[in-house]
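# Descriptive structure summary
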Amino acid sequence: KLEEAEASYRQAITLKPDFAEAHSNLGITLQELGRLEEAEDSYRHAVALRPDFALAHQKLGITLYLNGDIDSALVTMERANYIDPKSKPVRLLLSLLKSQKSTQKSEVGVAGKSNRSSVAGLTANPLILTRAVEAEFIASLYEMSSRGLDQAKDARYGKGTCSTDFNLFDDKRHIVKSVAQDLTRIMMQAVKSAIYIDDSFFNILGPRSGTTPHRHINSLDNVKGLNLDKTKYSLTYYLSEGDQSCSEPGILKLYDPSEDILPHKGMITIIPATRRHSSIYAGEKDRIMVGVNFYSL
């Protein structure tokens, strides 16, 4: 009910003109309605009232980008990053803007517009690769802090553990850094471009565990005009397939179209993040995997 939301935010601003959050929320609503110039004006009011309002700076940067002003968008996003350097959406958008600015400088056609050809994308869906598994890497995952799969409160469920957050590749262990660098190289080759890693995590599945059908798409990926969903991919690296002689051996089920894949040790699968997938595992032996969600730039 976007029109009703707009009316409510405008009434709030009438009652309290210095209400920065109302200006920002009005901007979000106007952006959803496709009224980008009005949205930009609302975000500017918000940051004028609260210069440290990181979310408003972020939203203003997105609107400037959608309006074709990459230079101003980059400056605004850098400000948002300065205010809130831990914001994952801001870091992603900043990387995207820097990449596009770099492309704009290096590849400009006669009309002054970028003529970069779109070569990013998988050669197969799913793309299946293989990488040797280091025992040291598996041992390091068992040493890390973890939480129960049910505690993740997402598509994962059942008996087993997973990383406490989605920043596995930030771990300082040498073996983790080595694997992260190698997987990064593999992902870049897979999509034929630079990448931005948004999530990295591990799952250790036990009996009666798995994932319900899901996609790796968030609210930022759905922002109209950004089209981030079209450049996002999900990688799974199987360190141990577990016990595949049981009734549910952990088949990776892909949807739209339907496809079943039985993982093996060292197997890497990369799919578009928009493709739904699930898995059910009933083996007694631990099944170990690393997941990565990333964007091509």
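One can find the structure itself at the top, above this paragraph.
What comes next concerns the included structure.

What counts and how
Residues numbered from 1 in each chain as written. Predicted model: local features only at pLDDT ≥ 70, side-chain atom pairs only at ≥ 80, totals over all residues. Heavy atoms only, no water. Helix = DSSP H or I, 4+ residues; strand = E, 2+ residues; numbered from the N terminus. Buried < 20%, exposed > 50% of the residue type's maximum accessible area, 1.4 Å probe, protein only. Contact = heavy atoms within 4.5 Å. Areas by Shrake-Rupley, 256 points an atom, 1.4 Å probe, with all protein chains shown as cover. Salt bridge = Lys/Arg side-chain N within 4 Å of Asp/Glu carboxyl O. Pairing = 2+ DSSP bridges. Axes fitted to C-alpha atoms, helices over the stretch in contact; angles between N-to-C directions. Left-handed = near helix turned anticlockwise from the far one by under 90°. Nonpolar A, V, L, I, M, F, W, Y, C, P; charged D, E, K, R; others polar. Core = buried A, V, L, I, M, F, W, Y, C linked by side-chain atoms within 4.5 Å. Polar contact = N/O pair within 3.5 Å; in protein donor to acceptor, adjacent residues only side chain to side chain. 1 Å grid on protein atoms, 1.4 Å probe; cavity = no way out; pocket = protein on both sides within 12 Å on 5 of 7 lines; lining within 4 Å. Points joined across faces, edges and corners; volume = space filled by probe spheres on them.

A few words now on the overall build of the protein chain. Within the protein chain, the regular secondary structure consists of eight helices and 10 strands. Expressed along its principal axes, the backbone C-alpha trace of the protein chain runs to roughly 65 × 50 × 40 Å. The buried share among the 297 residues of the protein chain stands at 48%. For the protein chain, long-range pairs separated by at least 24 residues make up 70% of all intrachain contacts whose partners lie at least 6 apart in sequence. A total of about 14,700 Å² of accessible surface is found on the protein chain, and carbon and sulfur atoms cover 51% of it.

Looking now at the pattern of salt bridges. Under the counting rule described, the total for this entry stands at 20 salt bridges. Salt-bridge contacts for D18 lead to K16; the nearest nitrogen and oxygen are separated by 3.5 Å. The class of D18 is partly exposed, set by a relative accessible area of 48%. The class of K16 is partly exposed, set by a relative accessible area of 41%.

Before going further, it helps to spend a moment on the pairing of strand β8 (residues 267-272). The buried fraction of β8 amounts to six of the six residues, a majority that puts the element mostly inside the structure. Two strands pair when backbone bridges link them, and strand β1 (residues 127-130) and β8 are joined in this way by four bridges, in the antiparallel orientation. Note on β8: the bridge partner recorded for I128 is T269. Looking at chain direction, strand β5 (residues 232-240) and β8 are connected through five bridges and run antiparallel. Paired with Y237 across the bridge in β8 is I268.

It is at 9 Å that the axes of helix α7 (residues 135-143) and helix α8 (residues 174-191) come closest, and there the two elements cross at 115°. For the pair α7 and α8, the sense of crossing is left-handed. The segment α7 lies against α8, with E136, F137 and S140 engaging I175, V176 and V179. Here the contact of α7 with α8 is built from residues that sort into four nonpolar, one polar and one charged.

Bringing the nonpolar core into the picture now. Counting residues in hydrophobic clusters, the biggest one holds 33 residues, and the most contacted among them are I62, M77, L93, L97, L220, L226 and L228. If you list the elements that add at least two residues to this core, you get α2 (20-32), α3 (36-49), α4 (54-66), α5 (70-83) and α6 (88-106). Ranked by residues supplied to this core, first place goes to α6 with six residues. Leave out the neighbours within four places in its chain, and L220 touches Q58, I62, P89, L92, L93, L226 and L228.

A separate point is the environment of E21. Its place among the elements puts E21 in helix α2. A polar side-chain atom of E21 sits 2.5 Å from a polar atom in the side chain of R50.

What follows is about empty space enclosed by the protein. Evaluation of the coordinates by the stated rule reveals one cavity of 30 Å³ or more. Taken as a whole, the largest cavity holds about 30 Å³ of empty space. Every residue along the wall of the largest cavity is listed here: G61, I62, Y65, M77, L93, L96, L97 and L226. Taken together, the elements giving at least two residues each to the lining of the largest cavity come down to α4 and α6. Of the residues in the lining of the largest cavity, the class split is seven nonpolar, one polar and no charged.

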